[in-house]
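# A look at the structure
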Amino acid sequence: MLSTLRIEDSPFNEQQLNQLKNSIGGLNPAQSQWLSGYLAGRLAESPATTGTPQTLPTESLSIIYATETGNSESIATELAANIQQQGIGAELISMDNFRPASLRKLKHVAFIISTHGEGEPPDEALEFFEFLESKRAARLPELNYRVLALGDSSYPLFCEAGRKLDTLLQASGARPYGPRVECDVDFASSAKTYNEEVIRYACDSLATDKQYSHTDLATSPHLSLVPSESHWSREQPFIAEVGSIQKITGLDSGKDVYHLELSLEGSELHYQEGDALGVWAPNDPKVVSQIIETLQMEPSESVTIQEQCLSISEALTNHLEITRLTTATVLAYANVGGQNQLEASFSRLEAGQQHTYLEQHQLADLVEEHPAQFGSQALADILRPLAPRSYSIASSQQMVDEEVHLTVATVHSNAIGTPRRGVASGLLNHRLEPGDSVKVFLQPNRRFHLPEDQDAPLIMIAAGTGIAPYRAFMQELENRTTSPDSWLIFGNPHLRTDFLYQREWLRWRDTGLLNRIDTAWSRDQVEKRYVQDVVREQAEHINQWLLRGAHVYLCGSLQMGQAVQAALQEALAQQRGIGSDAAAVVLSELRRERRIKRDLY
């Protein structure tokens, strides 16, 4: 409490402390939360310190991160706070705010980076990687570093961005002060270990006062610098009530897409257009029962997960991943179940075939197709922890107040003749009813927000549920006194059944808020037509919009995004009379200027 602050506990003098009490004491919760985020932003722009300037060491630890969904940033920010609490200087830096040539000036760095798509670094790290791979890359014999890599082992190129960064740094002569740490979707434990070890390194190498205790590192008070407007988080989600669930694809559609409205009343959660919502969904109890029965286990059998004793039924329902397989899971199942044929047949598959197998199969399919008998603890040990699913928010809070809207496509699979659904999409679209509740948390995505220049034109390109954030964009623009030129390029299989939010888009076009719509219905004619074909057809207009300062947004599948970027490159080469390589440079420059923004999955 502010009233209990004592001058001897703070870095302020008495007059400053009184001014602080008088200024902050009258703030309401929302104002206090805004101030917390503002201070965190200031700390991220300059060296973060906790001591007075004259007591700081001459060297500090630089913490450089690149993030796609905010996880890397959260880990980096917490590390900076804990380093400060040891009385050591810490500099928190996003890769998109860092000049790569400045690496030669640094001596101690902790890198935290996620992998996006098929082994790609986040957009904010593109220039950083381009520099390290170029002839301009400096020799870095004075640099001591360590890498924390975040990824998802269900993808073939797991943690590839972190691995590549590690390789490039070592090739430049930099020296790792510890092995690279690779985190799966359940990153909390590995990230905690990494942070603790980096803190020890900083204390040993940088502290001017050696009277610290290693045993205090894990138990020291937590100081969070994460810009947050609420105490709700991935670790402590908000319980949101379901308001409505409505199917928005036609009865004859091959797609199964729903619009959901959730209540955030009482949460004080505030989001911006372009942000995402994390959803914690339990596994389907019916599928859990089938797995337990097929493996001839008792639902009440005890297992231990992270020092917690649970029944196997509870573990499979709420704690373990059963709808997404990994290579390690399949091979481990074959090993503990004595399934030599499964191991041999899976190992013979090429990498692409293995990825397809993992996408199409769930644990229930594996168990049904290759039944075995082994202990429940062995099953728990080979499964990854259950992870939340992320959905682009389809509403503007200016329009819907204490609600959040989602556009959710049911994930369907049928590998062995038994229909399956995704864990979160199955829950949201098919197992919940209005009045039920679901655990949620915000995932800010500041790199997919509307431009700071409110007059900059918008080209919004999407396929399928990738249209969701653009609905939020248009709602936000409705609340402004002026709006930029805007253009939607949208694709899906059929006009009649798959034009998501059709009435709203036509209304926005009729009122002039949306300047134009171009669509690609891939199955409405003999020759398939996709959004990338629209980009090629409209090359002249797209180039004109770009010359006027337009921002291009891509939202949808990774494959769609790659195809659209290739089409944009062709369009620029054609319209500007330049070669393909020169057009690629133009696209890279647009990404660096944050005028090409991607939300791909």
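You'll find the structure just up there.
To start, this report covers the structure provided alongside it. The structure displayed is predicted, hence computed values, not measured ones. (Residues numbered from 1 in each chain as written. Predicted model: local features only at pLDDT ≥ 70, side-chain atom pairs only at ≥ 80, totals over all residues. Heavy atoms only, no water.)

### Focus on the overall build of the chain
The following threshold applies: Helix and strand assignments follow DSSP, with helices taken as H or I runs no shorter than four residues and strands as E runs no shorter than two, numbered in order from the N terminus. Buried, partly exposed and exposed residues are distinguished by accessible area as a fraction of the type maximum, computed with a 1.4 Å probe on protein chains only: under 20%, between the cut-offs, and over 50%, respectively. All accessible-area figures derive from a Shrake-Rupley calculation using a 1.4 Å probe, and residue coverage is judged against the displayed protein chains alone.
Check the secondary structure of the chain and you find 22 helices and 21 strands. Classification of the 601 residues of the chain by burial places 50% in the buried group. Of the roughly 28300 Å² of accessible surface on the chain, a fraction of 47% belongs to carbon and sulfur atoms.

### Regarding the pattern of salt bridges
Spelled out, the test is: Any carboxyl oxygen of Asp or Glu within 4 Å of a side-chain nitrogen of Lys or Arg constitutes a salt bridge here.
Counting across every chain of the model gives 31 salt bridges. Here E130 and R592 are joined by a salt bridge, their closest N and O atoms 2.7 Å apart. Here E130, found in helix α4 (residues 126–133), pairs with R592, found in helix α22 (residues 580–592); they are 462 residues apart in sequence, far enough to count as distant. On the accessibility criterion, E130 (33% relative accessible area) is partly exposed. You can call R592 partly exposed: its relative accessible area is 33%. Here R516 and D518 are joined by a salt bridge, their closest N and O atoms 3.0 Å apart. You can call R516 partly exposed: its relative accessible area is 22%. Each of D96, E124, R447 and R594 takes part in salt bridges that share partners, so that together they form one network.

### Things to note about unusual backbone geometry
For Y501, which is not glycine, the phi dihedral falls at a positive 60°. Assignment of secondary structure puts Y501 in the loop between α17 (495–498) and α18 (502–511). Residues other than glycine seldom take positive phi values, yet R594 does so here, at roughly 60°. Among the structural elements, R594 can be located in the loop between α22 and β21 (596–600).

### With respect to the nonpolar core
Stated formally: We define a nonpolar core as any set of buried Ala, Val, Leu, Ile, Met, Phe, Trp, Tyr and Cys residues linked to one another through side-chain atoms lying within 4.5 Å. Should any heavy atoms of two residues lie within 4.5 Å, those residues are considered in contact.
One finds I291, L316, Y333, L363 and L379 to be the most contacted residues of the largest nonpolar core, which totals 32 residues. Excluding residues within four positions of it along the chain, L316 makes contact with N283, V288, I291, I292, I322, L379 and L383.

### Some remarks on the sheet that holds strand β19 (residues 516–521)
Put simply, the rule is: Strand pairing follows a simple DSSP-based rule, namely that at least 2 bridges must link the two strands. Angular values range over 0 to 180 degrees, each being the angle between N-to-C directions of two axes fitted as lines to C-alpha atoms, with helices fitted over their stretch in contact.
One open sheet holds the 5 strands; their spatial order is β19-β18-β17-β20-β21, and the pairing between them is parallel. Single-partner strands in this sheet number two, and they are β19 and β21. Strand-to-strand twist across the sheet, computed as the mean angle between neighbouring axes with direction ignored, equals 10°. When strand β17 (residues 458–463) meets strand β20 (residues 551–556), the two strands line up parallel, connected through 5 bridges. Residue pairing for β20: M460 is matched across the bridge by Y553. Across the face of the sheet, helix α16 (residues 468–478) comes into contact with β17, β18 (486–492) and β20 while running at roughly 150° to β17.

### Looking at the state of the cysteines
For clarity, the cut-off: Cysteine sulfur atoms are paired as a disulfide whenever they come within 2.5 Å of each other.
Scanning the model with the defined rule gives 0 disulfides in all. There is no disulfide at C183, and the cysteine sulfur nearest it, in C159, is 6.8 Å away.

### Let's talk about the packing of aromatic side chains
Filter applied, for reference: Stacked, tilted and edge-to-face are the three classes assigned to paired rings of Phe, Tyr and Trp, where Trp is represented by its six-membered ring and a pair needs centres within 6.5 Å; plane angles under 30 degrees give stacked, over 60 edge-to-face, the rest tilted.
Per the stated rule, a full pass over the model turns up 17 aromatic pairs. The interplanar angle of 65° and the centroid separation of 5.3 Å between the aromatic rings of W232 and F238 together place this pair among those described as edge-to-face. With a relative accessible area of 22%, W232 lands in the partly exposed category. Since its relative accessible area comes to 9%, F238 is described here as buried.

### Overview of the pairing of β21
Across a regular strand the side chains alternate sides, sitting on one face of the sheet and then on the other. Counted residue by residue, β21 has 5 buried out of 5 residues, so it is predominantly covered. Here β21 shows no split at all, with I596, R598 and L600 on one side and K597 and D599 on the other all buried. Here β20 runs beside β21; their pairing, made up of 5 bridges, is parallel. Within β21, the position partnered with C555 by the bridge is D599.

### Looking at the environment of A550
Mapped onto the elements, A550 comes out in the loop between α20 (539–547) and β20. The class of A550 is buried, set by a relative accessible area of 0%. Sequence separation between A550 and P451 is 99 residues, and the spatial gap between their C-alpha atoms is 9.5 Å. When neighbours within four sequence positions are excluded, A550 is seen to be in contact with P457, I459, W545 and R595.

### Brief notes about the packing of helix α3 (residues 71–85) against helix α6 (residues 188–206)
Spelled out, the test is: The handedness criterion is simple: a crossing whose near helix is rotated anticlockwise from the far helix by less than a right angle is left-handed, and one whose near helix is rotated clockwise is right-handed. The nonpolar class holds Ala, Val, Leu, Ile, Met, Phe, Trp, Tyr, Cys and Pro. Asp, Glu, Lys and Arg form the charged class, and all remaining residues, Gly among them, are polar.
Relative to each other, α3 and α6 sit at 35°, their axes nearing to 10 Å. Where α3 crosses over α6, the two elements pack in a sense that is right-handed. In this structure, α3 contributes I75, L79, N82 and I83 to the contact, and α6 contributes A191, Y194, N195, V198, I199 and A202. Class assignment for the residues of the contact of α3 with α6 results in 8 nonpolar, 2 polar and no charged.

### Describing the pairing of strand β11 (residues 308–311)
The sheet contact formed by strand β10 (residues 302–305) and β11 spans 4 bridges and is antiparallel. The partner of S302 across the bridge, within β11, is S311. Hairpin connection of β10 to β11: 2 residues between the antiparallel strands, including Q306 at a positive phi of 50°.

### Thoughts on α4
Here α4 has its buried residues at L126, F128, F129, F131 and L132. Buried-residue contacts for α4 involve β3 (108–114), α5 (160–171) and α22.

### Comments concerning the side chain of N283
Put simply, the test is: Pairs of N or O atoms within 3.5 Å make up the polar contacts considered here, provided that, within protein, one atom can donate a hydrogen while the other can accept it, and that residues adjacent in sequence are counted only when both atoms are side-chain atoms.
Within the secondary structure, N283 sits in the loop between β9 (276–280) and α7 (285–294). Given the relative accessible area of 1%, N283 is considered buried. Reaching out from N283, the side chain makes a polar contact with the backbone oxygen of L316 at a distance of 2.8 Å. There is a polar contact of 2.8 Å between the side chain of N283 and the backbone oxygen of L320. Beyond its immediate chain neighbours, meaning those up to four positions away, N283 contacts V288, L316, T317, L320, I322, T323, L386, V423 and R431.

### A few points about a negative patch on the surface
Our working rule: Note that patches include only residues with greater than 30% relative accessible area and no salt bridge, and the join distances are 9 Å for like charges and 5 Å for nonpolar side chains (Val, Leu, Ile, Met, Phe, Trp, Tyr). Residues scored as positive are Lys and Arg, those scored as negative are Asp and Glu, and His as well as the terminal groups of each chain are ignored. Lysine's charge is taken at NZ, arginine's at CZ, aspartate's at CG and glutamate's at CD.
Together, E241, E265, E268, D401, E402, E433 and D436 make up a region of like negative charge exposed at the surface. Structurally, the position occupied by E268 is in the loop between β8 (257–263) and β9.

Don't take any of this as a statement about function, it's just geometry.
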